[in-house]
Amino acid sequence: YTILSKVHSDRNVYPSAGVLFVHVLEREYFKGEFPPYPKPGEISNDPITFNTNLMGYPDRPGWLRYIQRTPYSDGVLYGSPTVENVGKPTIIEITAYNRRTFETARHNLIINIMSAEDFPLPYQAEFFIRNMNVEEMLASEVLGDFLGAVKNVWQPERLNAINITSALDRGGRVPLPINDMKEGVYVMVGADVPFSSCLREVENPQNQLRCSQEMEPVITCDKKFHTQFHIDWCKISLVDNTKQVSTFQEVIRGEGILPDGGEYKPPSDTLKSRDYYSDFLITLAVPSAIALVLFLILAYIMCCRREGVEKRNMQTPDIQLVHHSAIQKSTKELRDMSKNREIAWPLSTLPVFHPVTGEIVPPLHTDSYDNTSMPLMQTQQNLPHQTQIPQQQSAGQ
């Protein structure tokens, strides 16, 4: 028999709000669930893809993303949980598809979001790394190396990766498949201490001018990243939440803003049902009756009030009828005469002069001769009364 689907036991994870969450969907974890079951030591390399969705919904939560480049690579769930989801378990249904046998395996991932200490971190910096893809940056060792480099430059007491976003999600273009080009990735980190002088160098007027001219700015700490990470310093973003001023503005009542009327009170559920039968009759019966009356009036005018030929002749003066009859007779007579008129003779059949006597030679046919089959040109040897012209004899005769 064939197992169509097999459900794994649920997994519980406990990420913190405002901190990057990464969960890898390993293909090796699901390979043993698809028949025929591999024996110990056997290697199975079936293409496997994953589908993830929030339980009861067709898609994932807004803060959670998923990526899998090929059916032969692992899938990754990543994102930054929000404070609104703290204390609410989020159940993600993970379905694995074996693209060779079309078997499926499913298990649930229960995400229990915890509240983070000192959240949110007041100082946040977002770096754009040009030589990385998002799945490469999500690897624990690569992300650890990047956080280590940032920590050496920033020297904070607490440093967390807040979010990772692909450049394609920010409106970036897909790179050309040459020279191993990468799409780029944005990495946001947060710390509890102010920005270091090295990070502040981006805000210098000289570096701002170089960025406006599409030139690389001069950053003293770039060498600590350049060995592994190529950072675009013109796209770095520094956010200091401690200095942000509230953007609340007093609401000015005017056009488009409703006055405060208390809480909204919907209508009660005990409303009486309304009968729309009379409205239906009025909507259809009245236009139909008017159309029927107009149709009857038009039929009476077209059929019952029609004037015939006899009534027309009785109301027409006699002299006008005589003139009309005479015109019809004359027209008919002219048409009959045009049918019997002779057809113009061709020039080759007209009378010609005799070449010797000068007499006029009559045509070869009578007036009743059918000339439709006669050729346009007649040979001279067929003409009567033709005189043979003597030919010149040679000198020997």
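This text follows the structure it describes.
On a predicted model such as this, the values are computed, not experimentally measured, just so you know.

**Q** Describe in detail a nonpolar patch on the surface, supporting the description with residues and values.
**A** Residues Ile-282, Val-286, Ile-290, Val-293, Leu-294, Ile-297, Leu-298, Tyr-300, Ile-301 and Met-302 make up a contiguous nonpolar surface patch of about 1,000 Å² in total accessible area. With respect to the element layout, Ile-301 can be found in helix α7 (residues 277-304).

**Q** Outline the nonpolar core, supporting the account with residue identities and numerical values.
**A** Grouped together as the largest cluster of nonpolar side chains are 39 residues, with contacts concentrated most on Phe-127, Met-137, Phe-146, Trp-154, Val-189 and Trp-233. Only β6 (75-79), β9 (123-129), α2 (134-137), α3 (140-154), β10 (159-166), β11 (185-191) and α4 (197-200) provide two or more residues apiece to this core. Per-element tally for this core: the top contributor is α3, with eight residues. For this core, the two domains that each supply at least three residues are domain 1 (11-113) and domain 2 (123-240). Excluding its chain neighbours within four sequence positions, the residues that come into contact with Met-137 are Ile-129, Met-132, Val-142, Leu-143, Phe-146, Ile-164, Val-185, Val-187 and Phe-229. Judged by nonpolar contacts, the second largest core, of 19 residues, contains Ala-17, Tyr-66, Leu-77 and Ile-111.

**Q** A description of the pattern of salt bridges should follow, citing residues and the corresponding values.
**A** Enumeration according to the criterion identifies 11 salt bridges in this entry. For Arg-65, the salt bridge identified is with Asp-169, shortest N-O distance 3.8 Å. Remark: Asp-169 occurs in the loop between β10 and β11 and Arg-65 occurs in strand β5 (residues 64-67); sequence separation between them is 104 residues. Using a relative accessible area of 27% as the deciding quantity, one classes Arg-65 as partly exposed. A residue is classified by how much of its surface remains accessible, and Asp-169, at 47% relative accessible area, is partly exposed. For Glu-216, the salt bridge is made with Arg-130, and the minimal N-O distance between the two is 3.2 Å. Note that Glu-216 is positioned in the loop between α5 (205-212) and α6 (223-226) and Arg-130 in the loop between β9 and α2, a separation of 86 residues in sequence. Classification of Glu-216 as partly exposed rests on a relative accessible area of 39%.

Cut-offs used in this document
Residues numbered from 1 in each chain as written. Predicted model: local features only at pLDDT ≥ 70, side-chain atom pairs only at ≥ 80, totals over all residues. Heavy atoms only, no water. Patch = residues over 30% accessible without salt bridge, like charges linked within 9 Å, V, L, I, M, F, W, Y side chains within 5 Å. Areas by Shrake-Rupley, 256 points an atom, 1.4 Å probe, with all protein chains shown as cover. Salt bridge = Lys/Arg side-chain N within 4 Å of Asp/Glu carboxyl O. Helix = DSSP H or I, 4+ residues; strand = E, 2+ residues; numbered from the N terminus. Core = buried A, V, L, I, M, F, W, Y, C linked by side-chain atoms within 4.5 Å. Buried < 20%, exposed > 50% of the residue type's maximum accessible area, 1.4 Å probe, protein only. Domains from an automatic or database assignment. Contact = heavy atoms within 4.5 Å.

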